[in-house]
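Residues per chain, in single letters:
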Amino acid sequence: MADHPELSAEERAGKAFPVSWDQFHRDCRALTWRLNSAGPFHAIIAITRGGLVPAAIVARELGVRVIDTVCIASYEHNKRGELQVLKGLSADALKLGGGDGKGLLIIDDLVDTGKTARIVRDMLPKAHFATVYAKPMGRPLVDTYITEVSQDTWIFFPWDLGLSFQPPMREGAG
Ligand SMILES: O=P(O)(O)OC[C@H]1O[C@H](OP(=O)(O)OP(=O)(O)O)[C@H](O)[C@@H]1O
Ligand code: HPA
Ligand SMILES: [Mg+2]
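Residues numbered from 1 in each chain as written. Chains lettered and ligands numbered in written order. Predicted model: local features only at pLDDT ≥ 70, side-chain atom pairs only at ≥ 80, totals over all residues. Heavy atoms only, no water.

A.B. asks: What is the right way to read the side chain of K135 from this model?
C.D. replies: Here K135 shows up in the loop between β6 (128-134) and β7 (147-148). From its side chain, K135 meets the backbone oxygen of T153 in a polar contact 2.6 Å long. For K135, the residues in contact, after removing those within four places along its chain, are L110, V111, D112, V149, S150, Q151, T153, W154 and I155. (Helix = DSSP H or I, 4+ residues; strand = E, 2+ residues; numbered from the N terminus. Polar contact = N/O pair within 3.5 Å; in protein donor to acceptor, adjacent residues only side chain to side chain. Contact = heavy atoms within 4.5 Å.)

If you want it as structure tokens, here you go:
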């Protein structure tokens, strides 16, 4: 190990914000309530992979049946790597959005630094951009979100969590 090992994004974040499946489902429904008045939308564009889960829930609630993906990888576990666009928008979805994204709904699970959002916004400048959670740096790039957490918070999504023993809060209690 190096003398000064680089801190991961999660370690830098410091605070933990774990989200259960129930909570996530409720937050996605709350997001849909807000989006309902911003639509109608011709199609949903999910930013993979984290955007796939909220996109499925929102699509069900709004009755949207055309769903495309923009596949972007930026974090390897909790370390940020180079942003990579692995797959762009399909020609069909681009056409539905008239070339500039009008009437399309882009969905991701969260916006953190905003770098992922910036790439997709540049692809579809007139699309509506929604995330379930937002941190201050990325928030200006999002049109609709539900919960803001501080920049030094790390959000743990239910698909990355499992049940485990929790020691009592008071030291020595048993
Ligand atoms: O605002 P940013 O700093 O760009 O970070 C936000 C992005 O990071 C995460 O995706 P990640 O690249 O880790 O891939 P995943 O969705 O496949 O987990 C998250 O799902 C967002 O897409
Ligand atoms: O807070 C976060 N949680 C999970 N994935 C992330 N990717 C960027 N920020 C986060
Ligand atoms: Mg993602």
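A.B. asks: Is there a simple way to explain the nonpolar core in this structure?
C.D. replies: A general tendency of soluble globular proteins is for nonpolar side chains to be buried together. Within the largest apolar cluster, 22 residues are counted, with the highest numbers of intra-cluster contacts made by F24, L31, L35, I44, V58, L105 and Y133. Looking at this core, the elements that each hand over two or more residues are α2 (21-36), β2 (43-48), α3 (52-62), β5 (104-111) and β6. What Y133 contacts, discounting residues up to four positions off in sequence, is F17, V19, F24, D27, D109, L110, V111, T147, I155 and F157. By size, the runner-up hydrophobic cluster in this structure holds 18 residues, among which are V70, I106, V111 and V142. (Core = buried A, V, L, I, M, F, W, Y, C linked by side-chain atoms within 4.5 Å. Buried < 20%, exposed > 50% of the residue type's maximum accessible area, 1.4 Å probe, protein only.)

A.B. asks: I keep staring at the pattern of salt bridges and nothing clicks. Help me out?
C.D. replies: Close approach of charged atoms allows side chains with opposite charge to pair. Following the criterion strictly, the structure yields nine salt bridges and no others. By sharing partners, the salt bridges in this structure join R29, R60 and E61 into a single network. (Salt bridge = Lys/Arg side-chain N within 4 Å of Asp/Glu carboxyl O.)

A.B. asks: Mind showing me how you'd approach the UniProt feature "binding site: 5-phospho-alpha-D-ribose 1-diphosphate" (unreviewed entry) in the protein here?
C.D. replies: As recorded in UniProt, the sites labelled "binding site: 5-phospho-alpha-D-ribose 1-diphosphate" (unreviewed entry) are R49, G50, D108, D109, L110, V111, D112, T113, G114, K115 and T116. With respect to the helices, strands and loops of the structure, D108 is situated in strand β5. Excluding residues within four positions of it along the chain, D108 makes contact with I47, G50, G51, P54, T116, A130, T131 and V132. A distance of 3.4 Å separates the side chain of D108 from the backbone nitrogen of G51, its partner in a polar contact. Relative to the elements of secondary structure, T116 occurs in helix α5 (residues 115-123). (UniProt positions renumbered as here; feature names shortened; annotations may be inferred.)

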